[in-house]
Amino acid sequence: MNSRIKVVKTTSENPDFIALIEVFDTYLWERYPELKREYWGNNIIEFNDNVILIYLDEKPAASGCFKKYDESTVELKRMFVSPEARGLGLAQLVIKELENEAKNQGFQIMILETLYKQIEAISLYQKAGFEIIENYEPYIGLSNSICMSRSINTIQ
């Protein structure tokens, strides 16, 4: 791994994670102000001890976490790479680290939701092996949502 990059498993109480998520939320609501009321409740992160932070040159640059969805499935949440760190493969690294952690905890499937306008994110997830599926709760009936899934056993 690049010596400029450091991977840290942490919790949602980590100040660097909180700071990245605040930047992420600002980005989302600036890009999609019309969806804030409909989606805001889905972006609340309760305490979570399955958080991955990626540092680039000692600065927090990317994050993600997962939460249990059901007995075999986890939901990927709060995936974000800071604009200055994009294009370096950090999102793929976050996904890989989270999938390894989920696999170690006995989960077999990872699901996620993104917005249909997030063309770059959809492409990234498809490149990582995710396929579009029917919307799952709480996104059923939300036409702006794209839900995706992949088997954790297919980790590269």
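Structure's up top.
All values derive from a computational prediction rather than experimental measurement.

So, how was this worked out
- Residues numbered from 1 in each chain as written.
- Predicted model: local features only at pLDDT ≥ 70, side-chain atom pairs only at ≥ 80, totals over all residues.
- Heavy atoms only, no water.
- Salt bridge = Lys/Arg side-chain N within 4 Å of Asp/Glu carboxyl O.
- Helix = DSSP H or I, 4+ residues; strand = E, 2+ residues; numbered from the N terminus.
- Phe/Tyr/Trp six-rings, centres within 6.5 Å; stacked < 30°, edge-to-face > 60°.
- Buried < 20%, exposed > 50% of the residue type's maximum accessible area, 1.4 Å probe, protein only.
- Contact = heavy atoms within 4.5 Å.
- Polar contact = N/O pair within 3.5 Å; in protein donor to acceptor, adjacent residues only side chain to side chain.

**Q** How do you make sense of the pattern of salt bridges when you look at a structure like this?
**A** Charged atoms that come close allow side chains of opposite charge to pair. A complete count under the given rule lists 5 salt bridges for this structure. Note that aspartate 57 is salt-bridged to arginine 4, the shortest N-O span being 2.9 Å. Note that aspartate 57 is positioned in the loop between strand E2 (51–56) and strand E3 (59–70) and arginine 4 in the segment before strand E1 (5–10), a separation of 53 residues in sequence. Here glutamate 75 ties to lysine 77 by a salt bridge, and the two come within 3.8 Å at their closest N and O atoms.

**Q** I would appreciate a short explanation of the packing of aromatic side chains in the present structure.
**A** Under the defined criterion, the tally for this structure stands at 5 aromatic pairs. Between phenylalanine 66 and phenylalanine 107, the ring centres sit 6.5 Å apart and the planes meet at 70°, which makes this aromatic pair edge-to-face. Taken as a pair, phenylalanine 66 in strand E3 and phenylalanine 107 in the loop between helix H3 (90–104) and strand E5 (109–115) lie far apart in primary sequence, 41 residues in all. Assigned by exposure class, phenylalanine 66 and phenylalanine 107 land together as buried. Ring centres 5.2 Å apart and planes at 75° place the aromatic pair tyrosine 69 and tyrosine 136 in the edge-to-face group. Here tyrosine 69, found in strand E3, pairs with tyrosine 136, found in the loop between strand E6 (131–133) and strand E7 (145–151); they are 67 residues apart in sequence, far enough to count as distant.

**Q** So what exactly am I meant to see when it comes to the environment of phenylalanine 66 here?
**A** Of the residues examined, phenylalanine 66 reaches a relative accessible area of 1% and is grouped as buried. With near-sequence residues (within four places) excluded, phenylalanine 66 lies in contact with Asn48, Asn50, Val74, Glu75, Leu76, Lys77, Leu98, Glu101, Ala102 and Gln105.

**Q** Honestly, the environment of glycine 87 in this entry has me stumped. Any pointers?
**A** Here glycine 87 shows up in the loop between strand E4 (73–81) and H3. Between the C-alpha atoms of glycine 87 and aspartate 49, which are 38 residues apart in sequence, the distance is 27 Å.

**Q** I tried to follow the environment of lysine 77 on my own but got confused; where do I start?
**A** Position of lysine 77 among the secondary structure elements: in strand E4. On the basis of relative accessibility, which here comes to 8%, the residue lysine 77 falls in the buried class. In this structure the C-alpha to C-alpha distance between lysine 77 and asparagine 50, which are 27 residues apart in sequence, comes to 10 Å. A distance of 3.3 Å separates the side chain of lysine 77 from the side chain of tyrosine 139, its partner in a polar contact.

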